[in-house]
Amino acid sequence: MLAGAVVVLAFSLVSLSRLHITSSLTGILGSGSGAAAAMERVVSGYRSGAELMLLVELPEGRAADDAGRAELVGYATRLASALGSDPVASRLVLWARFREDPELLRFAREVMLPHGVFYLSEGAVEELERRLQPAQIRRQIARNEAMISAPGAAGAALSEGVLRDPLRLFDLVPPELRSDVAADAPVVGKPELSDDGRAILLSIGTVGDGGDYEAAGRTVDAVERLAAKTNSTGLSVAMAGSAAIARETSRVIRRDSIVSVLASVALLYALFFLFYSRWSAGLVIGGVAAVGMLAGVGAVAVVVREVSPLAAMIAALLAGIGADYGVHFLSRYDGYRGEGQGSAAASVETARHMAVPIGTNCFTSIFGFMSLWPSTIKMLSDFAVMGAAGLLGAFLAVFVLMPAVLAVTDRRETHRAAGRAMFNRFADGVVDRPRTCMGLSLAILGAGVVAAAAQGFSIGFESDLTVMHPRPSKALDATSEVMRRFSRQGALVPIEVRAAAADQLVGVAHDAARALTSPACREAGVTAVLGLGTLLPDPRQTAGRLRMLDRLDPSRVIEAFDAAIAESQFEPKAYAGYRGVLAEILGSRRVPTVADVMRYRSVAERVFPAASLVGGGQPTSTMLVVRLAEPLHDREQRRHTIAALRKAASGVRGGEVTVAGIDAVSEELDAAARVGLPRAIAISFGLVLLWLMIVFRRAVDVLLALLPLAFAAVATVAFIVATRQLFNPINTVAIPLLGGIAVDAGVFLVSVFRSDGATRAELRPHLRPTVHAISLSVGTTATAFGSLCISHTPAIQSLGLVSAVGIMASGVGSLLLLMPILIRRAPRAGVRGRSEPCAS
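For clarity, every value in this text was computed on a predicted model and none was experimentally measured. (Residues numbered from 1 in each chain as written. Predicted model: local features only at pLDDT ≥ 70, side-chain atom pairs only at ≥ 80, totals over all residues. Heavy atoms only, no water.)

Throughout the structure, instances matching the rule amount to 31 salt bridges. For the salt bridge of E122 with R545, the shortest nitrogen-to-oxygen distance reads 3.4 Å. Taken as a pair, E122 in helix 7 (residues 122-131) and R545 in helix 25 (residues 542-551) lie far apart in primary sequence, 423 residues in all. Here E122 falls in the partly exposed class, since its relative accessible area comes to 46%. Across the pair R130 and E127 runs a salt bridge whose closest N-O atoms are separated by 2.6 Å. Placement of the pair is R130 and E127 together in helix 7, with a separation of three residues, close to one helical turn. For R130, a relative accessible area of 41% gives the class partly exposed. Exposure remark for E127: the relative accessible area of 22% places this residue in the partly exposed category. (Salt bridge = Lys/Arg side-chain N within 4 Å of Asp/Glu carboxyl O. Helix = DSSP H or I, 4+ residues; strand = E, 2+ residues; numbered from the N terminus. Buried < 20%, exposed > 50% of the residue type's maximum accessible area, 1.4 Å probe, protein only.)

Written out as structure tokens, the structure reads:
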């Protein structure tokens, strides 16, 4: 048996070594989340997205003058060049930008400006036709003469505007396009400087998926190395973006997992030594539980290749829960050995008597985990499967492996259970004073309820998705700083648009843009929608634009313009360039198409998936960006805005429009937690109740076994309310888990009462080892959950704290409330009562 256990352990370790901890949104939330799936496609499918950003800032005391800005630009130039020439970084980095994209400026000048009529709205086209009438041209030139006569700086500014656009045609262009379509826009874009001019933003496109921890770590390490190497002037450089967050999250979670397991194992061993007063007890219980747990989880890892960060923390948790089965087995085994039985006989008797209560506890705990399996949040379903598999492995190991280990390690002829005196006295004290213990337990519960009442009995839900990331996080802080200092127009929300056919994509993009700028969306904070609808005109309006151009004879318009200038005080030569642009615009008869965008690579990467650019086919999907007036920090504001965007997107016909982005994902996560929590609680409590009815077959015994669970539930909710804990998608699992775990002590006490509760005198000696086992089980489980509190991830910390409190409360409810009730139900000495063995 021991040799077989070694083989199973080796197999499990090999299987587990192939597991990958994912940070992707679909890996955490599941493909059923529309916002997460869309966000994943946007992040991984569009090369224009900057998975990594460098926030480069002047040190304190350095002035943000021309020299300081030149220093920032010089550093960004050197670093971008180094990234392209370094043999390692060049394979990991697609591009590095710190200026406005010159290709986008060229696209505006070479495509949008010459065909500008097709980009105008219906009202703007009518106004354009009116302004180009000869009489209106003369009136406008006359107004220009009057305006430039204004004295001082105002007149000079007006003169420059009149020279650039004497007919004020660019006033008809949407505000978000005016800077891009200017005829004299520079080919070299402006550097991406912060509002205060003290920082520059270097955006870097990376190879692969920004959610891949390993790839992200390699890329960020390479960029960080070159950033330090080229930083010769003491600039402050901070890594931001999804790649930097993924690297930091990966390393912190791995470190937390190792530390929590080691801490859990160390604390558990200390508890075992305290309870058993011999070094071998902790090794036997912990070793058997570890082998069983690894065997169960390793079997799952054969078919599962990727798990969420929450599932990765399961080892520390199972180390405590799985050890409970060994605790109860060894406590009963010690009792039989103390009666003089040999190791093999003691193991057989223990297995015969403990199979039902340990099996009952195992399956109730599994029910607690599996209640999370139907969750739409994938990380919770992963957590459920891994936890259930580990517990089942630990249960089998107790009855298969532990007898073999004890047969090898326990060869003494006589055996005395050590470390029991304190627990024997405690059990005797409860037997002698049951009413006092019951009053004490109710007083403890009442204190918790009073503390909760002082806070108003209100339970809140966490709205900040970053609680699922480790803290402190330099990458998260830097990303927030980038959003604050460089998102001058507020927050940006990506929108994925899919069309049934390639020739319908531009039209669907325009429909989506119109829907997302409706009055309801404007009221919710939308200021603009940028994307394919900005770059290309709506092809369904082409016929109307062509009819308008046919009504305007370019030669007659130019003649009217020349005549008006000749009659004015303006110099005709100054408007030679303007005449050429005007003639080009009015002579255009070709509508820009997707093919025009494809000719400008970096422009196409902004709006089309990378796969469509490589394959050469016509794209059927694109990405729009909704610009909001301000970031969505307030939870109610976020809910209102995302709801307005989703309602507008759902009304678009001919395609599929999905609101993506972290705010939309946060809203879905919040909704999933609200819906999933009551369902998980109902499943957990329902399965536990059904199982206890099958095992005990008596309603009174079932209710008594559930009493510690009810006590723990009330105490846990009171603790959550009193300490103002907020529910998040991770700590919500605490209550369903308690539904399966907190009932364990009640099962053992009711089982002992049914088999040995004929009288109080007969019950007393059997309660002593049971109290010892229950106390240790509560301690090990609470320790396992408590070890999660050392995690740097706030959501996992909260899970560990809430669960540990619930487990300790179940211990109080079982030893100070349920046990006194059972004692009072048992007849006094000399009065025989009905005894019934536990059903098998």
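More follows now that the structure is in view.
So, about the environment of V802. Relative to the elements of secondary structure, V802 occurs in helix 37 (residues 794-825). Relative accessible area serves as the criterion here: at 3%, V802 is assigned to the buried category. Separated by 20 residues in sequence, V802 and A782 have C-alpha atoms that sit 10.0 Å apart.

To continue, consider the packing of helix 12 (residues 242-276) against helix 21 (residues 474-486). Two measures define how a pair of helices packs: the angle their axes make with one another and the distance between the axes. In contact at an axis separation of 8 Å, helix 12 and helix 21 are set at 160° when each is read in the N-to-C sense. By the criterion of interaxial angle, the relationship of helix 12 to helix 21 is roughly antiparallel. In the packing of helix 12 onto helix 21, the handedness of the crossing is left-handed. Taking contact as the criterion, the partners of A244, I245 and E248 in helix 12 are, on helix 21, K474, A475, L476 and T479. Split into classes, the residues belonging to the contact of helix 12 with helix 21 amount to four nonpolar, one polar and two charged. (Axes fitted to C-alpha atoms, helices over the stretch in contact; angles between N-to-C directions. Parallel < 35°, antiparallel > 145°, perpendicular 65-115°, else oblique. Left-handed = near helix turned anticlockwise from the far one by under 90°. Contact = heavy atoms within 4.5 Å. Nonpolar A, V, L, I, M, F, W, Y, C, P; charged D, E, K, R; others polar.)

To continue, consider the packing of aromatic side chains. All chains considered together, the criterion is met by 10 aromatic pairs. Ring centres of F570 and Y575 lie 6.0 Å apart, and the angle between their planes is 90°; on these two criteria the pair is classed as edge-to-face. Across this residue pair, the class does not change: F570 and Y575 are buried. A network of ring pairs unites the aromatic residues F329, F363, F367, F395, F399 and W691 as a single cluster. Lying across the ring of W95, R97 places its NZ or CZ 4.0 Å from the centre. (Phe/Tyr/Trp six-rings, centres within 6.5 Å; stacked < 30°, edge-to-face > 60°. Lys NZ or Arg CZ within 6 Å of the ring centre and 35° of its normal.)

A word on the side chain of R337. With respect to the helices and strands, R337 occurs in helix 15 (residues 314-338). The buried category is assigned to R337, whose relative accessible area is 2%. Polar contacts involving the side chain of R337 include one to the side chain of D410, which spans 2.9 Å. (Polar contact = N/O pair within 3.5 Å; in protein donor to acceptor, adjacent residues only side chain to side chain.)

Another point: a nonpolar patch on the surface. Where nonpolar side chains cluster on the molecular surface, the patch consists of M1, L392, L396 and V400 and spans about 370 Å² of accessible area. On the secondary structure map, L396 appears in helix 17 (residues 378-400). With relative accessibility at 47%, the residue L396 sits in the partly exposed group. (Patch = residues over 30% accessible without salt bridge, like charges linked within 9 Å, V, L, I, M, F, W, Y side chains within 5 Å. Areas by Shrake-Rupley, 256 points an atom, 1.4 Å probe, with all protein chains shown as cover.)

Direction vectors running N to C along helix 17 and helix 18 (residues 402-409) enclose 40°, while the axes themselves pass 4 Å from each other. Classified by the interaxial angle, the pair formed by helix 17 and helix 18 is oblique. For the pair helix 17 and helix 18, the contacting residues are A397, V398, F399 and V400 in the first and M402, P403 and A404 in the second. Taken together, the residues that form the contact of helix 17 with helix 18 break down as seven nonpolar, no polar and no charged.

Tracing the backbone through its elements, the reader meets G580 in helix 27 (residues 576-587). It is 9.3 Å that separates the C-alpha atoms of G580 and I558, two residues lying 22 residues apart in sequence.

Next up on the list: the nonpolar core. Within the largest apolar cluster, 111 residues are counted, with the highest numbers of intra-cluster contacts made by Y276, Y325 and L692. The leading source of residues in this core is helix 37, at 14 residues. Not counting residues within four places of it along the chain, the set of residues in contact with Y325 comprises I358, N361, C362, S365, L391, A394, F395 and V398. Judged by nonpolar contacts, the second largest core, of 50 residues, contains M112, I495, A509 and A660. (Core = buried A, V, L, I, M, F, W, Y, C linked by side-chain atoms within 4.5 Å.)

Let us look at the sheet that holds strand 10 (residues 621-628). The antiparallel open sheet is built from four strands, whose spatial order is 9-10-8-11. Both edges of this open sheet fall to strand 9 (526-530) and strand 11 (655-659), since each of them pairs with a single strand only. Taking each pair of neighbouring strands and ignoring which way they run, the sheet shows an average axis angle of 25°. (Pairing = 2+ DSSP bridges.)

The next point concerns the sheet that holds strand 4 (residues 199-206). Paired through their backbone hydrogen bonds, the strands of a sheet run either parallel or antiparallel. Here four strands make up an open sheet; going across it, the order is 3-4-2-5 and the pairing antiparallel. Each of the sheet's edge strands pairs with one partner strand only, and the pair in question is strand 3 (93-97) and strand 5 (236-240). Averaged over all pairs of adjacent strands, the angle between their axes in this sheet comes to 20°, without regard to strand direction. Alignment of strand 2 (residues 52-57) against strand 4, held across six bridges, turns out to be antiparallel. Bridging from a neighbouring strand, L54 pairs with L202 of strand 4. Sitting on the sheet, helix 21 is in contact with strand 2, strand 4 and strand 5, with an inclination near 100° to strand 5.

Nothing here speaks to function; it is geometry throughout.
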